[in-house]
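# An overview of the molecular structure
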Amino acid sequence: MLRPSPDRAADDDPQRHRCGGCDLEHVTAAGQRRLKTRVVREQLERLGGLAAPPVDVCREVGPATGYRNRARFHVDDDGRLGFFLPGSHEVVPATTCRALAPGVQEVVEAIGTTSAAEVTVRAHGQHRAVVLAPGPGGLELPEGPFDLLLEQPDGSVVAMRGDGVLAEEVAGLRYRFDATSFFQNNTAGAEALVHHVLEAVGSPKTGGVDGALVWDLYAGVGLLSLPLARAGAEVVAVEGHEPAAAWASRNATDAGLDLEVAAEAVHRFLRAARRGEGPMDPPDVVVLDPPRTGAGQDVVDDLVALAPATIVYVACDPAALARDAKALVAGGYRLTAARPLDLFPLTHHVETVVTFAR
Ligand SMILES: C[S@@+](CC[C@H](N)C(=O)[O-])C[C@H]1O[C@@H](n2cnc3c(N)ncnc32)[C@H](O)[C@@H]1O
């Protein structure tokens, strides 16, 4: 290094950021958000073909360290949990990771060493779940603060502290879910996401949330569906992982909210809707929060054919977002706002809430 960038973190220790996960750990928090703003804008311009897309400055959503409530670890030859070095299969011990939530750190320390090949740890409030995939020599059950061991059909074992169910509270709503269902990795970030999605759905352009018919596609355990229902929308949640769909339904019932849940793949649901099957009216607003690969051309084609007035797209990958944005714009939509949120500080990852109007 000849001359440090003004964006280099003052406490940067070149010895520390060795693993491939926190690839922006050497950058100041404000510098990380500037970079992420630029990445979202550039992807929308280059891959999305949009001229001067209206991208907000990436927002801070919570603590910059200790936020990560879920992590997947590799295991080194001595059985210790860690992460791969960049571009290598060498394992760096997890104990130095600043992104991990204290609950995850605590479980990593309690496990010490393991015979598992791979370990996923989740910490939500006081609840803990550890998913252990067997190594070549099988699996010795873990020591540690667990009340319950659940063997899975694929040979892995889920070790839990608590009653076998994970739980989080976000924006005054309680979500319960099992260890196989998705929940946002950053709980403070989940709250910000809910806030910004509600704002996008209820913008003056759409005439507000109350009374709107909203389809929440890729709904998970209902993180966005429940607040939308609470705000007065009539919500249909579509989720392909059956346990998550069942939890979405139960979470709504427990909160005293009406929620229709379709436990099926989004493209099947949309195809059926396009054919006019089922009792459904066309939606006013579609919220979609697809996995990293994006929604894809088929789903976008179906959305364009169904023609909701507003589409609120929650994206965890700016490149996949840009490809889908290009297809939506070709189908007659206009990108009216893009709001990057810093849900994954220390890493290059960024979540973006994007609004499209027909
Ligand atoms: C990024 S998560 C979003 C979940 C939820 N919106 C949230 O914020 O918690 C994506 C969800 O889509 C589900 N999923 C992935 N592919 C799907 C598909 N083709 N059809 C339906 N659901 C799918 C996953 O099981 C996961 O729950």
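Everything below is about the structure printed above this text.
Please read these numbers as outputs of a predicted model, since none were measured by experiment. (Residues numbered from 1 in each chain as written. Predicted model: local features only at pLDDT ≥ 70, side-chain atom pairs only at ≥ 80, totals over all residues. Heavy atoms only, no water.)

### Topic: the site of the ligand
The cut-off we apply is this: Nearness of a residue to a molecule or strand requires only that one of the residue's heavy atoms be within 4 Å of it. In protein, a polar contact means a hydrogen-donor-capable atom and an acceptor-capable atom, both N or O and within 3.5 Å, with residues adjacent in sequence counting only if both atoms are side-chain atoms; elsewhere, any N or O pair within 3.5 Å suffices. To measure how exposed things are, a 1.4 Å probe is used in the Shrake-Rupley method; for residues, cover is taken only from the protein chains shown. Classes in brief: Ala, Val, Leu, Ile, Met, Phe, Trp, Tyr, Cys and Pro nonpolar; Asp, Glu, Lys and Arg charged; the others, Gly included, polar.
Neighbouring the ligand are 16 residues, the closest being Gln184, Glu239, Gly240, Val266 and Asp289. With respect to the ligand, the side chain of Gln184 contributes an N or O atom lying 2.8 Å from an oxygen atom. Between an oxygen atom of the ligand and a side-chain N or O atom of Glu239, the distance comes to 2.7 Å. Against a free-state accessible area of 590 Å², the protein chains account for coverage of 82% of the ligand. Taken together, the residues of the shell around the ligand sort by class into nine nonpolar, four polar and three charged.

### Observations regarding the pairing of strand β17 (residues 351-357)
Quick reminder of the rule: Each residue gets one of three labels from its accessible area relative to the maximum for its type: buried under 20%, exposed over 50%, partly exposed in between, using a 1.4 Å probe on protein chains only. For the purposes of this entry, the term helix denotes a DSSP run of H or I that reaches at least four residues, the term strand denotes a run of E that reaches at least two, and both are numbered from the N terminus. For two strands to count as paired, DSSP must find a minimum of two bridges between them.
Among the seven residues in β17, seven count as buried, and that is most of the element. Residues Glu351, Val353, Thr355 and Ala357 point to one face of β17 and Thr352, Val354 and Phe356 to the other, with burial holding for every one of them. Relative to β17, strand β15 (residues 310-315) runs antiparallel, the two being bridged by six bridges. Looking at β17, one finds that Val312 is bridged to Thr355.

### Focus on a negative patch on the surface
Stated formally: Patches draw on residues past 30% relative accessible area with no salt bridge. Two like charges within 9 Å are joined, as are two nonpolar side chains (Val, Leu, Ile, Met, Phe, Trp, Tyr) within 5 Å. Salt bridges are defined by distance alone: a side-chain nitrogen of Lys or Arg within 4 Å of a carboxyl oxygen of Asp or Glu. All tallies of charge rest on Lys and Arg as positive and Asp and Glu as negative; His and the ends of each chain are not included. Where a charge sits is defined by one atom per residue type, namely NZ (Lys), CZ (Arg), CG (Asp) or CD (Glu).
The grouping of Glu234, Asp258, Glu260 and Asp281 at the surface amounts to a negative patch. Turning to its location among the elements, Glu234 is positioned in strand β12 (residues 234-238).

### Focus on the environment of Lys326
Under the convention used in this document: Pairs of residues are marked as contacts when any of their non-hydrogen atoms sit within 4.5 Å.
Secondary-structure assignment places Lys326 in helix α8 (residues 318-330). Here the alpha-carbon distance between Lys326 and Arg18, two residues 308 residues apart in the chain, equals 36 Å. Setting aside residues no more than four positions away along its own chain, Lys326 makes contact with Leu47 and Gly48.

### Examining the side chain of Asp76
Checked against the element boundaries, Asp76 lands in the loop between β2 (70-75) and β3 (81-84). Within the local environment of Asp76, its side chain forms a polar contact with the backbone nitrogen of Asp78, the two atoms lying 2.9 Å apart.

### Here we look at the packing of helix α1 (residues 29-46) against α8
Where we set the bar: Note on geometry: axes are lines fitted to C-alpha atoms, helical ones only across the stretch in contact, with angles between N-to-C directions running from 0 to 180 degrees. In a left-handed crossing the near helix is turned counterclockwise from the far helix by less than a right angle, and in a right-handed crossing that turn is clockwise.
Here α1 crosses α8 at 35 degrees, and the two axes come no closer than 8 Å. α8 is crossed by α1, and the crossing has right-handed handedness. Residues Val39, Val40, Gln43 and Leu44 of α1 pack against Pro318, Ala319, Leu321, Ala322 and Ala325 of α8. Its residues assigned to classes, the contact of α1 with α8 comprises eight nonpolar, one polar and no charged.

### Observations regarding the sheet that holds strand β8 (residues 157-161)
On the basis of which strands lie adjacent, the open sheet formed by seven strands has the order β4-β3-β2-β5-β6-β8-β7 and antiparallel pairing. Strands with a single pairing partner mark the edges of an open sheet, and in this sheet they are β4 (91-93) and β7 (148-151). Recorded for the sheet is a direction-independent mean angle of 35 degrees between the axes of neighbouring strands. Two elements, β3 and β4, share three bridges in a ladder whose sense is antiparallel. Looking at the pairing, Gly82 lines up with Pro93 of β4.

### What about the packing of helix α7 (residues 297-306) against α8?
For any two helices packed against each other, the geometry comes down to the angle between their axes and how far apart the axes lie. Test applied: Here the angle decides the label: under 35 degrees means roughly parallel, over 145 means roughly antiparallel, 65 to 115 means roughly perpendicular, and every other value means oblique.
Running from N to C, α7 and α8 point in directions that differ by 30 degrees, and their axes come no closer than 10 Å. As far as their axial angle goes, α8 and α7 are roughly parallel. The way α7 lies across α8 gives a crossing that is right-handed. Each of Gln297, Val300 and Val304 in α7 lies in contact with α8, whose residues at this interface are Asp324, Ala327 and Leu328. Grouping the constituent residues of the contact of α7 with α8 by class yields four nonpolar, one polar and one charged.

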